[in-house]
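Survey of secondary and tertiary structure
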Amino acid sequence: MKQLKKILIPFFVCAYALTGCNKWLDVKPEDKFIEDEVFQTPQGFIDGLNGIYLKLGADNLYGSELTLQVPDLLAQYYYMSSTHDLGIQALTNFNYDEAGPKNRISAIWTNLYVNITNINKFLENIETYGSVLDEQSKAIMSGEAHALRAYLYFDLVRMFAPAYTVAPEAATIPYYEHTGYESAPYSTTKEVISNVLDDLQLAEQLLQTSDPALTMTKVDQTTGTIDYGKKPYLQARNYHLNYYAVKGLQARVLLYADQKTEALAAAETIIQNKSKFPWVQSTDISDPSTVNRIYSTEVLFAFENRNLYGIYNNLYNPALADNTILTAGTSPSFLNAIFDNWPNDYRYSLNWQVAGGKSYNVFLKYQDLSNTSAPNYRYTIAGLRLSEIFLIAAECETDPNKSLAYLNEIRTHRNCQVLAEYADATLDIMKEYRREFYGEGQLWYYYKRTNTASILSATSNAQKTITTTQYTFPLPLVETEPR
């Protein structure tokens, strides 16, 4: 079973936290002493990198808020009654200036920048103290840190800047690559994307000669005991931003920047090595006690949140009241529309069932397993998966036959009939995004990237109009004060 030690390094979590976005806390002299002591051994770097991943997988970031909750609420995945929480209703109606959404958006901004600061400090310490690391360890840690910084800045762009195809010169994101006291100027979306791609290129270069994922037959260590040894970061590589995850993130970013030829090339690198991330098989999902609803074998990069099942109980548990639970509605109409009236789709039959006394389908993707000893995929939330790579390839491929083949490979492995031809390529690809990413936060960004004018809503089971400006979060008040 994979384990992440819950460490707390003072300068990561406290001394370099943010009071606003750009106003750093003063660094006390003892923090420098602690820093010198921590990074005198490789273990200090192991704990530091581990701490970054733990913070990113917490409830307030990718362990819930930026995967299960905010983007999926915006994507209209969940039914809202008039008696649901008013803040959640406001969010699903894109009323970002109301108190509930405003506070959530401000917290997302701050938490992402806090973790960017942690990553920047980690990279600075590799430069200062990295001589205690062997060559492979230094390359892996530096590569992962650069990729993590790219991951966070890209999501800041996707949330707080207009879509790239709408306004690439919009300047809304302060970009920091070092820790310090000075406020950074606002960078344009085009500039931030360029920096993100630079980080990913450097990460690729560092990892392509050092990452053990390159020689693994299968990257996901699905069952069995994992021997972490003295270098735990060499194991469970899909819980780290490994080489293939970096290539996948490149494909995601390049498509967002409308560089489809380059995005396809990055995606094809993974597709050529897809056996390392094998599609889920019927045997993986046939035993209810160990059902792999996460499709962990297909995950290129995942977050781990040890509070995941507490989150499930607060959001999806069928014991919740009707005006609290997040569901697709009290009738099957919305799910039937999403899944084209095909209940045998694994994403429907496994993840949506009438259970727990409810008369309607409830979401089970993140329900804990009854057999908790065998699988290593408990507590897992996908950050990047193989199916997204195939969807990117399908969208970017100019040959319609090859494009359709990419889409049909996903459909085949989700127990769906293959399409003989596209009815409408854009619509068919969008439908797969809707089916694939429930509880993972990616559909909203697809809608934004493509500037979709209306979204199918679980509340009305009809199209909900959305404007271009509603795809972009307003900057938090602390960021709009005089700089």
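Residues numbered from 1 in each chain as written. Predicted model: local features only at pLDDT ≥ 70, side-chain atom pairs only at ≥ 80, totals over all residues. Heavy atoms only, no water.

Points about the packing of helix H8 (residues 189-207) against helix H9 (residues 243-256)
Note the following rule: Axes here refer to lines fitted to C-alpha atoms; in helices the fit is confined to the stretch in contact. Angles between the N-to-C directions go from 0 to 180 degrees. Strands here mean DSSP runs of E at least two residues long; helices mean DSSP runs of H or I at least four residues long; both are numbered from the N terminus. Note on angle classes: values under 35 degrees are labelled roughly parallel, values over 145 roughly antiparallel, values of 65 to 115 roughly perpendicular, and the remainder oblique. Crossing chirality is assigned from the near helix's rotation relative to the far helix, an anticlockwise turn below a right angle marking it left-handed and a clockwise turn marking it right-handed. Here, two residues are considered to be in contact whenever any of their heavy atoms come within 4.5 Å of each other. All residues other than Ala, Val, Leu, Ile, Met, Phe, Trp, Tyr, Cys, Pro, Asp, Glu, Lys and Arg, Gly among them, are scored as polar; the first ten of these are nonpolar and the last four charged.
In contact at an axis separation of 9 Å, H8 and H9 are set at 160 degrees when each is read in the N-to-C sense. The orientation of H8 with respect to H9, classified from their angle, is roughly antiparallel. The two elements H8 and H9 cross, and the hand of that crossing is left-handed. Between H8 and H9, the contacting residues are Ile193, Val196, Leu197, Leu200, Gln201, Ala203, Glu204 and Leu207 on the first element and Tyr243, Val246, Lys247, Leu249, Gln250, Val253 and Leu254 on the second. Grouping the amino acids of the contact of H8 with H9 by side-chain chemistry returns eleven nonpolar, two polar and two charged.

Some points on the side chain of glutamate 440
Mapped onto the elements, glutamate 440 comes out in the loop between helix H17 (425-436) and helix H18 (443-449). Not counting residues up to four positions away in its chain, the partners in contact with glutamate 440 are Leu66, Thr67, Asp72, Lys365, Tyr366, Ala382 and Arg385.

Here's the deal with unusual backbone geometry
Our working definition: Residue burial is assigned from relative accessible area. The probe radius is 1.4 Å, only protein chains are included, and a residue is buried under 20% of its type maximum, exposed over 50%, and partly exposed in between.
Its identity is not glycine, yet tyrosine 379 carries a phi of approximately 70 degrees, on the positive side. With respect to the helices and strands, the residue tyrosine 379 is situated in the loop between strand S5 (361-363) and strand S6 (380-385). Accessibility expressed as a relative area gives 12% for tyrosine 379, which makes it buried. Unlike most non-glycine residues, asparagine 461 shows phi in positive territory, near 55 degrees. With respect to the helices, strands and loops of the structure, asparagine 461 is situated in the loop between strand S7 (454-457) and strand S8 (462-465).

Some details on the packing of aromatic side chains
The line we're drawing: For Phe, Tyr and Trp, rings pair up if their centres lie within 6.5 Å, where Trp contributes its six-membered ring, and each pair is then called stacked (planes under 30 degrees apart), edge-to-face (over 60) or tilted (otherwise).
Counted by the stated rule, this structure contains 38 aromatic pairs. Between tyrosine 62 and phenylalanine 303, the ring centres sit 4.6 Å apart and the planes meet at 5 degrees, which makes this aromatic pair stacked. Here phenylalanine 303 lies in strand S3 (residues 299-304) and tyrosine 62 lies in the loop between helix H3 (42-56) and helix H4 (65-74), a separation of 241 residues in the sequence. Both residues of the pair, tyrosine 62 and phenylalanine 303, count as buried. Where tryptophan 352 meets phenylalanine 363, the ring centres are 4.8 Å apart and the plane angle is 35 degrees; that geometry is what we call tilted.

Geometric values such as these leave the question of function open.
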